[in-house]
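So you can see what is in the structure, the chains are spelled out below.
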Amino acid sequence: MTETENLSTKYNPQEVEAGRYQDWLEHDRFKPSGNKEAKPYSIVIPPPNVTGKLHLGHAWDTTLQDIIIRQKRMQGYDTLWLPGMDHAGIATQAKVEEKLREQGISRYDLGREKFVEQVWDWKEEYAGHIREQWAKIGLSLDYSRERFTLDDGLSEAVRKVFVTLYEKGLIYRGEYIINWDPQARTALSDIEVIHKDIEGAFYHMSYELADGSGVVEIATTRPETMLGDTAVAVHPEDERYQALIGKKVILPLVNKEIPIIADEYVDQEFGTGVVKITPAHDPNDFEVGNRHDLPRVNVMNDDGTMNDLAGTYAGMDRFAARKQIVKDLEALGRLIKIEKMVHSVGHSERTGVVVEPRLSTQWFVKMEPLAKQAIDNQETDDAVDFYPPRFNQTFLRWMENVHDWVISRQLWWGHQIPAWYHKETGEMYVGLEAPADAENWQQDPDVLDTWFSSALWPFSTMGWPDETNEDFQRYFPTNTLVTGYDIIFFWVSRMIFQSLEFTGKRPFENVLIHGLIRDEQGRKMSKSLGNGIDPMEVIEQYGADALRWFLSNGSAPGQDVRFSYEKMDAAWNFINKIWNASRFVLMNVSEMTAEDIDFSGEKSVADRWILTRLNETIEKVTDLFERFEFGEAGRQLYNFIWDDFCDWYIEMSKETLYGDNEAAKQVNKSILVHVLDQILRLLHPIMPFVTEEIWSKLPHTGESLVVAEYPQVAPEWTDEKAAQGMEVLKELIRSVRNIRAEVNTPLSKPITLLIQANEPEIEEFLIANKNYIERFCNPEELEISNCLQAPELAMSAILSGATIYLPLAGLINIEEEIARLEKELAKFTQEVQRVQGKLANERFVANAPEEVVAQERSKEADYLEKQKAVQERIEQLRTIQ
């Protein structure tokens, strides 16, 4: 660059962001560097479902990933952030079926092939929406490597995993009670079921003993399943029913005899101690039935209606049948009572309907050996590190208590199970490809659970099962996974055990867990509450950078975040502050080129201080990024940019810029450019658009901030003495301004300012920098001395190393001044007590780092000195009352 350019007078995010993303893509800024000497760093995006547009939670999740990958790219890593999307079997199929229902069409009208074509059309449409949203947010993804869970490569990986697990005996087919979604007409895994408390009832009824000797009372919440009862059970040690074991009862409405059995499953203390056993409709009854060789009578169709085995109730919806059965029992005199109750009932996560426990032949993954391998791995050097660490326990608890995973789904959209059945013999074949004489075989119509394919995501996207693939060899295992705590069970756990099983390695080094985005009242965002926020609308109003700043700055690992437009206003204001500060710098360095930047001249105390604070900020922010503490990193950046750079350094620079010392101007301009450049680099991972826009106007030799070098500490520029001196100056200037405000004396009105320095070094420093005191305090008379006589009628302030006096004759009220000083004394006394209490704590002194203890001792000395000075001033004023 030969000459800097100016920014527009007003920050306009739409103007700043327009076309910038496309420019980055056209210059391949987001692809890996190709530098084989550089250390690789990779992230795979948690693939969003192609069911709709992205929500605020997605924006948060992906912003955190983009912050990480942008910083690593700038730090010289060979970075890969791999994008992709999930076919989301049941969720996407449900959306498309809903769309077809509005047209009066069902998937069965179309047939499997035509229906799947419709779903592919849906996928293409919504994948386009998602890419547009990624671009709006500014995600630095390598689109040349984009994957989809149903693409050819991933489908090959899915078949390979299925067949391998089957051959190892870890995938099996069996008849079990599973969670059934009657609307989607498919099996669900345990974690796809949401339990809700709803009002229901216990229906108490009597079953007559077959020998006519009496009745037994049982209770159920699901009377419709009694049609499938095959036994009644009591506890073998229940003395009340010993004589009944082995007898039979007559099942009401069905009028068939079923046995009374003894089983320890029965709780003697609950209800009457007699329970109905329905092996085809309850998981516990299924186990009891297995132990007693009971028949399994399934009385329900897959759509939740009653089947032919339900007799006269056939064709009725399950809940309509329930009402009719209760009426009929009452008419028979078999209904004893209805007891209202609130109980927890499982609902389908996707369709919202009540889940039906149902006997079904399904495919399962045997979890015990896979879970053990994952648990054991957490004790090795190859363990996955969770942030915050408490989520490691969440992961382990689930793995220790996991059930076998039902992986088959009765859907048409997804990976069809690679199992075939011979049309004549019924023989089953499982393989990577169809049998050679495919016309004689029928493929299993079921598809695999969506999570089966997404569990392979970190390595299937890298080319596995081809382990010679260059990406697999270089970028796997990945470095960091960013995801919400709500899918540790669904996804994170499954990726870990599948990766260990098939690659022998953890899938990622770190898992950064974030919370949920809630509304201002702390409620979860949902359609039913109508409190959802569209991130694209927020971006239209405030810009992507403001949204990203809010999402990162409110972020602590594992914690929820509350969205509010007030916070968005604050984010926009911060960027506007940066914009205006940048305009000031650019206007004052308009003639400079990169070659003109020169720090070699003499630096003012403000110059040396800002470079010291820059070093401190770089060190803290870099460390906080490493620990994924983006909220705290944001606080450090905010304080440095707003307070130190904008409010102090820029204002102090005006003393030099508007003066006559050309050499000092050159140094000052160079430092202004350098500090702003470093600020933009530090901020770029969080707010990429505005930082690139401003940086493009600065004098430098780089092409893009995306690939510019990330700031590093320059130890030679740290000057502790200058930093301490500036703190004295800042405290002095603030105190004078506060006193002026208290007595309503505007800055424009000159005053007399007397400064009592405690030590000759402070006196020397303040005299050397009195130009700043004159500029910011506007004294008509200024005296700085370490042997000053304190005036009687004056406002005062006790500083670290000095006391200031503002003789304001006629304006000061001695009683009010004493009252003010007594408040100051109380504050300092409280601080002394606090710090001395800390230092009296032997555990603190013994365990805290030496520098922390030393810092507390330094505070103690400072507060004691201030406490003493205030006491002396109060006593002095009292003598002249």
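Definitions and limits used
- Residues numbered from 1 in each chain as written.
- Predicted model: local features only at pLDDT ≥ 70, side-chain atom pairs only at ≥ 80, totals over all residues.
- Heavy atoms only, no water.
- Axes fitted to C-alpha atoms, helices over the stretch in contact; angles between N-to-C directions.
- Helix = DSSP H or I, 4+ residues; strand = E, 2+ residues; numbered from the N terminus.
- Parallel < 35°, antiparallel > 145°, perpendicular 65-115°, else oblique.
- Contact = heavy atoms within 4.5 Å.
- Nonpolar A, V, L, I, M, F, W, Y, C, P; charged D, E, K, R; others polar.
- UniProt positions renumbered as here; feature names shortened; annotations may be inferred.
- Patch = residues over 30% accessible without salt bridge, like charges linked within 9 Å, V, L, I, M, F, W, Y side chains within 5 Å.
- Areas by Shrake-Rupley, 256 points an atom, 1.4 Å probe, with all protein chains shown as cover.
- Salt bridge = Lys/Arg side-chain N within 4 Å of Asp/Glu carboxyl O.
- Lys, Arg positive; Asp, Glu negative; His and termini not counted.
- Charge placed at Lys NZ, Arg CZ, Asp CG, Glu CD.
- Buried < 20%, exposed > 50% of the residue type's maximum accessible area, 1.4 Å probe, protein only.
- Pairing = 2+ DSSP bridges.
- Expected span 1.5 Å × (residues − 1).
- Left-handed = near helix turned anticlockwise from the far one by under 90°.
- Polar contact = N/O pair within 3.5 Å; in protein donor to acceptor, adjacent residues only side chain to side chain.
- Core = buried A, V, L, I, M, F, W, Y, C linked by side-chain atoms within 4.5 Å.
- Domains from an automatic or database assignment.
- Phe/Tyr/Trp six-rings, centres within 6.5 Å; stacked < 30°, edge-to-face > 60°.
- Lys NZ or Arg CZ within 6 Å of the ring centre and 35° of its normal.

**Student:** Describe the packing of helix H17 (residues 544-553) against helix H20 (residues 630-657), and please don't skip the residues or the numbers.
**Tutor:** Orientation of H17 relative to H20, taken along the N-to-C sense of each, is 120 degrees, at an axis distance of 7 Å. In terms of their interaxial angle, H17 and H20 are classed as oblique. Where H17 approaches H20, its residues Trp549, Ser552 and Asn553 are matched on the opposing element by Phe630, Gly631, Gly634, Arg635, Leu637 and Tyr638. A class-by-class count of the residues in the contact of H17 with H20 yields four nonpolar, four polar and one charged.

**Student:** Tell me about the UniProt feature "short sequence motif: 'HIGH' region" (unreviewed entry) in the protein, and name the residues and values.
**Tutor:** UniProt feature "short sequence motif: 'HIGH' region" (unreviewed entry): in the numbering of this structure it lies at residues 48-58. Within the segment residues 48-58, helix and strand shares are 27% and 0% respectively, and the terminal C-alpha atoms sit 8 Å apart.

**Student:** Can you tell me about a negative patch on the surface, naming the residues and giving the values?
**Tutor:** A cluster of like negative charges, contributed by Asp152, Glu156, Glu433, Asp466 and Glu467, occupies part of the molecular surface. When you line up the elements, Asp466 lands in the loop between helix H13 (457-460) and helix H14 (470-475). The class of Asp466 is partly exposed, set by a relative accessible area of 38%.

**Student:** I'd like a description of the pairing of strand E18 (residues 419-422), backed by residues and values.
**Tutor:** Residue alternation in E18 divides its side chains into two sets, Ala419 and Tyr421 and Trp420 and His422, and both sets are buried. One ladder, built from three bridges, connects E18 with strand E19 (residues 428-430); its direction is antiparallel. For Tyr421, the partnering residue across the bridge sits in E19 and is Met428. Where E18 folds back onto E19 in an antiparallel hairpin, the turn is made up of five residues, including Gly426, whose phi is positive at roughly 80 degrees.

**Student:** Which residues make up helix H26 (residues 814-840), and what are the values?
**Tutor:** Here H26 is 27 residues long and its end C-alpha atoms lie 38 Å apart, about the 39 Å a rise of 1.5 Å per residue gives. Regarding H26, the residues found buried are Ile814, Glu817, Ile818, Arg820, Leu821, Leu825, Phe828, Val832, Val835 and Leu839.

**Student:** I'd like a description of unusual backbone geometry, backed by residues and values.
**Tutor:** Cis rather than trans, the peptide bond between Tyr387 and Pro388 has omega equal to -5 degrees. Inspection of the secondary structure assignment puts Pro388 in the loop between strand E15 (385-387) and helix H11 (390-400). Cis rather than trans, the peptide bond between Trp464 and Pro465 has omega equal to 20 degrees. Tracing the sequence through the fold places Pro465 in the loop between H13 and H14. For Leu253, which is not a glycine, the phi torsion comes out positive at approximately 70 degrees.

**Student:** With reference to specific residues and values, describe the sheet that holds strand E14 (residues 356-365).
**Tutor:** Taken in spatial order, the four strands line up as E6-E5-E14-E16 in an open sheet, and their pairing is antiparallel. The strands lining the two open edges of the sheet, one partner per strand, are strand E6 (186-188) and strand E16 (405-406).

**Student:** Tell me what's going on with the pairing of strand E26 (residues 751-757), and back it up with residues and numbers.
**Tutor:** Working note: regular strand, side chains alternate between the two faces of the sheet. Extensive coverage of E26 is indicated by the burial of seven of its seven residues. Burial of the side chains of E26 extends over both faces: Ile751, Leu753, Ile755 and Ala757 are buried on one face and Thr752, Leu754 and Gln756 on the other. With six bridges connecting them, E26 and strand E27 (residues 779-785) associate as parallel partners. Following the sheet pairing, Ile751 is matched in E27 by Pro779. Of the pairings in the sheet, the one linking E26 to strand E29 (residues 802-806) comprises four bridges and is antiparallel in character. When the bridges of E29 are listed, Ile755 appears paired with Ile804.

**Student:** Outline the packing of H20 against helix H25 (residues 770-777), listing residues and values.
**Tutor:** In contact at an axis separation of 11 Å, H20 and H25 are set at 110 degrees when each is read in the N-to-C sense. One way to sum up the angle between H20 and H25 is to call them roughly perpendicular. Between H20 and H25 lies a crossing whose hand is right-handed. Across from Glu651, Met652, Lys654 and Glu655 in H20, the residues of H25 making contact are Asn771, Tyr772, Arg775 and Phe776. Residues belonging to the contact of H20 with H25 are distributed by class as follows: three nonpolar, one polar and four charged.

**Student:** Please set out the side chain of Arg20 residue by residue, giving values where relevant.
**Tutor:** You can see Arg20 is positioned in helix H2 (residues 20-26). Of note is the side chain of Arg20, whose polar atom sits 2.7 Å from the side chain of Glu693. For Arg20, the residues in contact, after removing those within four places along its chain, are Phe689, Glu692, Glu693 and Ser696.

**Student:** Account for the environment of Asp263, with residues named and values stated.
**Tutor:** Within the secondary structure, Asp263 is located in the loop between strand E11 (256-262) and strand E12 (274-277). A C-alpha to C-alpha distance of 91 Å links Asp263 and Arg878, two positions 615 residues apart in sequence. Beyond its immediate chain neighbours, meaning those up to four positions away, Asp263 contacts Val234, His235, Pro236, Val288, Arg291 and His292. Of note is the side chain of Asp263, whose polar atom sits 2.9 Å from the backbone nitrogen of Tyr265. Within polar-contact distance, the side chain of Asp263 engages the side chain of His292 at 2.8 Å.

**Student:** Give a detailed account of the environment of Ala383, specifying residues and quantitative values.
**Tutor:** Along the chain, Ala383 turns up in the loop between helix H10 (368-377) and E15. Counting along the chain gives 113 residues from Ala383 to Ile496, while the straight-line C-alpha distance between them is 9.8 Å. When near neighbours in sequence (up to four residues on either side) are disregarded, Ala383 contacts Asn377, Gln378, Arg506 and Glu509.

**Student:** Hey, could you go over the nonpolar core for me, with residue numbers and the actual values?
**Tutor:** Counting residues in each nonpolar core, the largest one holds 140 residues, and the members touching the most others are Phe645, Leu732, Leu766 and Ile804. In terms of residue count, H20 provides more of this core than any other element does, 12 residues in total. Both domain 2 (567-681 + 689-698) and domain 3 (722-812) contribute no fewer than three residues apiece to this core. Among the nonpolar cores identified, the runner-up in size contains 57 residues, and Leu80, Val158, Trp363 and Met367 belong to it.

**Student:** Give a description of the packing of aromatic side chains that names residues and reports values.
**Tutor:** Summed over all chains, the structure comprises 43 aromatic pairs. The interplanar angle of 50 degrees and the centroid separation of 5.6 Å between the aromatic rings of Tyr21 and Phe30 together place this pair among those described as tilted. By the burial criterion, Tyr21 is buried, and Phe30 matches it. Considering the side-chain rings of Trp120 and Phe148, the 5.6 Å spacing of their centres and the 65 degrees angle between planes classify their relative orientation as edge-to-face. Taken together, the residues span a long stretch of sequence, with Trp120 in helix H6 (residues 112-137) and Phe148 in strand E4 (residues 147-148) at a distance of 28 residues. On the accessibility criterion, Phe148 (6% relative accessible area) is buried. Of the aromatic side chains, those joined through ring pairs into one cluster are Phe162, Tyr166, Trp363, Trp405, Phe452 and Phe497. Between the NZ or CZ atom of Arg70 and the centre of the ring of Trp24, over which it lies, the distance is 4.8 Å. Across from the ring centre of Trp180, 4.8 Å away, lies the NZ or CZ of Arg358, which sits over that ring.

**Student:** Help me get a handle on the domain arrangement of the protein, residues and values and all.
**Tutor:** Along its sequence, the protein is carved into domain 1 (181-358), domain 2 (567-681 + 689-698), domain 3 (722-812) and domain 4 (815-879). Here the C-alpha centre of domain 3 lies 28 Å away from the C-alpha centre of domain 2. With 13 residues of domain 2 at the contact, the number on the domain 3 side is 14 residues. Linking domain 2 to domain 3 there are two salt bridges. Close ionic contact of Glu655 with Arg775 constitutes a salt bridge, the shortest N to O distance being 3.7 Å. Here domain 2 and domain 3 share one residue pair in polar contact (both at pLDDT 80 or more) between them. Among the secondary structure elements, those contributing two or more residues to the side of domain 2 that touches domain 3 are helix H19 (605-626) and H20. Looking at which element gives the most residues to the side of domain 2 that touches domain 3, the answer is H20, with six residues. Among the residues making up the side of domain 2 that touches domain 3, the classes are represented as six nonpolar, two polar and five charged.

**Student:** Account for the sheet that holds E27, naming residues and giving values.
**Tutor:** Strand order across the open sheet formed by four strands is E27-E26-E29-E28, with mixed pairing between neighbours. What marks the edges here is a single partner per strand, and that holds for E27 and strand E28 (795-799). On average, each strand axis in the sheet is tilted by 15 degrees relative to the strand beside it, whichever way the strands run. Sitting on the sheet, H25 is in contact with E26 and E27, with an inclination near 145 degrees to E27.

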